[in-house]
Amino acid sequence: KTALITGASGGIGEALAQVFAREGYHLVLIARSEDKLLTIANELQSKHGVTVQVLPKDLTVPSAPDEIFDELKNTPIDALINNAGYATYGEFVDTDLQTELSEMQLNVVTLTHLTKLFLPAMVERGFGQVLNVASTAAFQPGPLMAVYYATKAYVLHFSEAIANELKDTGVNITALCPGPTESGFQERAAMEESKLVQNDLMSSQAVVDEGYDALMQGKTIVIPGFQNK
């Protein structure tokens, strides 16, 4: 089996790559940083004996999903892992518009586009899995992170709706909804001072272990961690 993982160069994405490789999946890893992806690929290939293909792409570019699909036209994808995403932090009147438009492109449009491209073949084969990384942010509005919380609400509702449509097809979709997690996420969002990240954070590995188990069990929603639930 082959798993495609976006945002695989660090944090939850890298942890997902570790778990899928451990379970014997061949991998296609996608992120902007080719150097980081190659380092991870070499490690996973030597450790687990799986094949790892690296596709350096900027997923905020609208053409990226079509390019990925075209490059993988001879590689059946059994598990699509839509993990790539980022946040902006601050009052909406002050935050940068272009950054937020790119955030929406990545968190919402690219995720939808990739799912649209790879899902039909899974349904035709009668087997496949999609893991969409949402957030506990999906369950409420988020002042100071207004756009991010809204994008994750989309991911959750989109995943739930399609999961319902796919009953009895052999394909399942799971929305992984972690709370604040140890990763590079907070630094990129410039939110290290936020109260959200002042408490003990779950590790990426702990989040991913729960997410992987839920995906394999066909659960539609998983919220890792008792406190997050």
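Up top is the structure.
These numbers come from a predicted model, not from an experiment.

Could you clarify how one ought to interpret the overall build of the protein in this entry?
Counting its regular elements, the protein contains 7 helices and 9 strands. In terms of C-alpha radius of gyration, the protein reaches 17 Å, essentially the compact-globule figure of 17 Å for 229 residues. Principal-axis analysis of the C-alpha atoms gives the protein an extent of 45 × 40 × 35 Å. A burial count over the protein gives 50% of its 229 residues as buried. Here the analysis covers contacts within the protein between residues at least 6 apart in sequence; of these, 68% occur between residues at least 24 apart. Accessible surface computed for the protein: about 10900 Å², of which carbon and sulfur atoms make up 51%. Charge centroids of the protein, computed over 15 positive and 28 negative side chains, lie 6 Å from each other.

Before we go on, may I ask you to explain the packing of aromatic side chains in this structure?
Given two aromatic rings, their pairing is described by the distance between the two centres and the angle made by the two planes. In total, this model carries 5 aromatic pairs according to the counting rule given. Here Phe-69 and Phe-118 contribute two aromatic rings whose centre-to-centre distance is 5.2 Å and whose plane-to-plane angle is 75 degrees, an arrangement assigned as edge-to-face. Of the two residues, Phe-69 sits in helix α3 (residues 64–71) while Phe-118 sits in helix α4 (residues 97–125), which places them 49 residues apart along the sequence. Taken together, a centroid distance of 5.5 Å and an interplanar angle of 10 degrees make the contact between Tyr-154 and Phe-158 stacked. Residue Tyr-154 and its partner Phe-158 are located together in helix α5 (residues 146–165), separated by 4 residues, close to a single helical turn. What links up through ring pairs into an aromatic cluster is the set Phe-20, Tyr-25 and Tyr-212.

Help me understand the pattern of salt bridges in this model?
A side chain of one charge can pair with a side chain of the opposite charge when the charged atoms of the two come close. Within the structure shown, the criterion is met by 6 salt bridges. Put simply, Asp-70 and Lys-73 hold a salt bridge, and the shortest N to O gap is 4.0 Å. For Asp-70, a relative accessible area of 46% puts it in the partly exposed group. We classify Lys-73 as exposed; its relative accessible area is 62%. We note a salt bridge from Asp-78 to Arg-125, for which the minimum N-O separation is 3.9 Å. A residue pair is termed long-range when its members are at least 10 positions apart, and Asp-78 in the loop between α3 and β4 (79–82) and Arg-125 in helix α4 qualify at 47 residues.

In this structure, what is going on with empty space enclosed by the protein? I would like to understand it.
Unoccupied space between atoms shows up once a probe the size of one water molecule is rolled over them. Counted by the stated rule, this structure contains 2 cavities of 30 Å³ or more. Within this model, the largest cavity holds a volume of roughly 50 Å³. Along the walls of the largest cavity sit Thr-88, Tyr-89, Gly-90, Phe-92, Thr-95, Glu-100, Leu-144, Met-145, Ala-146 and Val-147, which together make up its complete lining. Looking at side-chain class alone, the lining of the largest cavity contains 6 nonpolar, 3 polar and 1 charged residues. Taken as a whole, the second largest cavity holds about 30 Å³ of empty space. If you trace the second largest cavity, you find it lined by Thr-6, Asn-82, Asn-83, Ala-84, Leu-106, Thr-110, Leu-111 and Leu-114. For the lining of the second largest cavity, the leading source of residues is α4, giving 4 residues.

Definitions and cut-offs
- Residues numbered from 1 in each chain as written.
- Predicted model: local features only at pLDDT ≥ 70, side-chain atom pairs only at ≥ 80, totals over all residues.
- Heavy atoms only, no water.
- Helix = DSSP H or I, 4+ residues; strand = E, 2+ residues; numbered from the N terminus.
- Rg over C-alpha atoms; globule rule 2.2 N^0.38 Å.
- Buried < 20%, exposed > 50% of the residue type's maximum accessible area, 1.4 Å probe, protein only.
- Contact = heavy atoms within 4.5 Å.
- Areas by Shrake-Rupley, 256 points an atom, 1.4 Å probe, with all protein chains shown as cover.
- Lys, Arg positive; Asp, Glu negative; His and termini not counted.
- Charge placed at Lys NZ, Arg CZ, Asp CG, Glu CD.
- Phe/Tyr/Trp six-rings, centres within 6.5 Å; stacked < 30°, edge-to-face > 60°.
- Salt bridge = Lys/Arg side-chain N within 4 Å of Asp/Glu carboxyl O.
- 1 Å grid on protein atoms, 1.4 Å probe; cavity = no way out; pocket = protein on both sides within 12 Å on 5 of 7 lines; lining within 4 Å.
- Points joined across faces, edges and corners; volume = space filled by probe spheres on them.
- Nonpolar A, V, L, I, M, F, W, Y, C, P; charged D, E, K, R; others polar.

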